[in-house]
Each structure stands twice: as C-alpha cells, then as structure tokens.
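Chain by chain, the residues:
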Amino acid sequence: MSGVGGESEGERYTGSGFLSLSLWVALSKLLNTMKTLGLGDRLYDYLLSVSLREPEVLQHLRQETSQLPNAVMQVTPDEAQLLGFLVQLMQARRTLEIGVFTGYSSLAVALALPEDGQMIACDVSEEYTAIARRYWQQAGVAHKIDLRLAPALETLDQLLSEGQAGCFDFALIDADKGNYLNYYERCLQLIRPGGLIAVDNVLWSGRVADPSVQDDATTAIRRFNETLYQDERISLSLLPIADGLTLALKR
C-alpha cells in the first residue's frame, strides 16, 4: 500500500488531491486493511501460521515499519510472499516496482530474484527509502535494486525512451491511485509478452463496491478495474488477498 509520485509525510494521494494521514489511518484501521480483506483475526492468524515463511530480515523490517504513523501503507506479509512466489515461478530476472515505501515488497521480490537479477524501484521519498536501503543492504540484495528517486512516470518514460520496451518480466504497481492507468500503460509496454503486472489495493477496503462512495481515489480504482476487465491485451485475475491484488498477464 505504499505511495510514490507525490505523496509526502502526513498526506495520502487521492487522485486529484491529498487525504490527511490521520483520516487515512483511521479509515484503514476501521476497515482492517493491514490483513487480507474480509478475514477475521483468528482465521488470518491461522493462515499465517501454516503458510508464512518470512525471513528474519523481513520480520525486522515489518516490525520497524509498524511503528511508523503511516504503517498501513506496508503490504501484508502474505501478499509479499505471493509476489516473491510469482517471481520465482516465472523465473523473472528483471522487474519494476512503482511505490517502495520502506521496502518490504521490494525486499521480498529481490530475495526471490536470481543473483544477477535486477529491479528498478521507483519512489520519491528519501526518508522512507533510506529505511529500505538499510534492509536491502542487510539482506545482501542491494546490488539487485536500482532505486530511482523521481516521479515514477518520468522514470518509466525514460526507460521507454532508452529502448527498454519488452525487457522486463514483472512489475508491481502500488502507488498513487490517480495514476494507476498511466503506470499500467507504461508497464504494459515495458514487460515482455508472458510478463506479469501485479497491482495492489484494487478492492480499496471494499469502497469500490459501495456506489455511495465517490471520492477521487475510489473512482480512479473503479475506472482502473473496469478498464482492465475490458483489456484484451492481457489475461486477468483479481485476488481477494490483502486489499485486493490484480494480476495482469501480457498476451
């Protein structure tokens, strides 16, 4: 649930503006977005107890991040494990991440990459990515991650201008919701046929299913979901894990 492109401490991007962090945290706590949507505590704890194989370095990063005021932006550990699993399954070597925050998902993916694998990670926060860098170094994967501190669209457009279309295997989009379609279109060009794009927060704590909710972020995610449903360039699955994870396989 990390942010990139323009979010700053104390704010959460909503498409055409920023939601106050206090309101975002209160809403997230109310709707239990720090675990897979719709699971009660007992069942979720059981799920983790029989499936989560979280390396110690990831545990420490998750614990440190949990002390931050906007810890709700961190992906859940079961979702991060799934992302690493997918990267291993498809034998990915080059990946993209749009939205780093403190680096939990990027670390999970980097650990799954081969020794010569490479990730280009996009974010704008020096503060939070400093935490990420520290843990990447501790885990011995810093050499795999090329952090680009700039608006993500600028980085993606630069990659395209350098002729890197079709050169990536996997991309994760987990950033400002108003730009989801822009990030998706760039990533679709950058990944190869048979490559995978994963997109977080597509169920948005259930708000997408409530027609009375019409804020910018919610309407942007609805539009994104509806657009991908109609997109014949991909094979599509939407998983009810964490806050909703879309998997788009490029045909």
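A few points on the structure. (Residues numbered from 1 in each chain as written. Predicted model: local features only at pLDDT ≥ 70, side-chain atom pairs only at ≥ 80, totals over all residues. Heavy atoms only, no water.)

It is worth spelling out the state of the cysteines at this point. Per the stated rule, a full pass over the model turns up zero disulfides. With no disulfide of its own, cysteine 122 lies 8.0 Å from the sulfur of cysteine 187, the closest cysteine sulfur. Assessed through its relative accessible area of 0%, cysteine 122 is described here as buried. (Disulfide = S-S within 2.5 Å. Buried < 20%, exposed > 50% of the residue type's maximum accessible area, 1.4 Å probe, protein only.)

The subject of this paragraph is the sheet that holds strand S8 (residues 234-239). What the seven strands build is an open sheet, ordered S5-S4-S3-S6-S7-S9-S8; its pairing is mixed. Across the chains shown, the open sheet's two edge strands, defined by having one partner strand only, are strand S5 (145-149) and S8. Averaged over all neighbouring strand pairs, the angle between strand axes comes to 15 degrees, with direction disregarded. Across four bridges, the pairing between strand S3 (residues 94-98) and strand S6 (residues 168-173) is parallel. Bridged to threonine 95 within S6 is phenylalanine 170. Here helix H8 (residues 180-190) sits on the sheet in contact with S3, S6, strand S7 (191-200), S8 and strand S9 (245-250), set at roughly 155 degrees to S7. (Pairing = 2+ DSSP bridges. Helix = DSSP H or I, 4+ residues; strand = E, 2+ residues; numbered from the N terminus. Axes fitted to C-alpha atoms, helices over the stretch in contact; angles between N-to-C directions. Contact = heavy atoms within 4.5 Å.)

Per the counting criterion, the structure on display carries 11 salt bridges. Put simply, aspartate 146 and arginine 148 hold a salt bridge, and the shortest N to O gap is 2.9 Å. The structure contains a network of salt bridges with shared partners spanning Glu185, Asp231 and Arg233. (Salt bridge = Lys/Arg side-chain N within 4 Å of Asp/Glu carboxyl O.)

What follows concerns the packing of helix H3 (residues 56-65) against helix H5 (residues 104-112). Across the interface, H3 lies against H5 with an axial gap of 10 Å and an inter-helix angle of 175 degrees. The pairing of H3 with H5 is recorded here as roughly antiparallel in orientation. Where H3 abuts H5, its residues Val57, Leu58, Leu61 and Arg62 lie against Tyr104, Leu107, Ala108 and Leu111. Grouping the amino acids of the contact of H3 with H5 by side-chain chemistry returns seven nonpolar, no polar and one charged. (Parallel < 35°, antiparallel > 145°, perpendicular 65-115°, else oblique. Nonpolar A, V, L, I, M, F, W, Y, C, P; charged D, E, K, R; others polar.)

None of this, on its own, says anything about what the molecule does.
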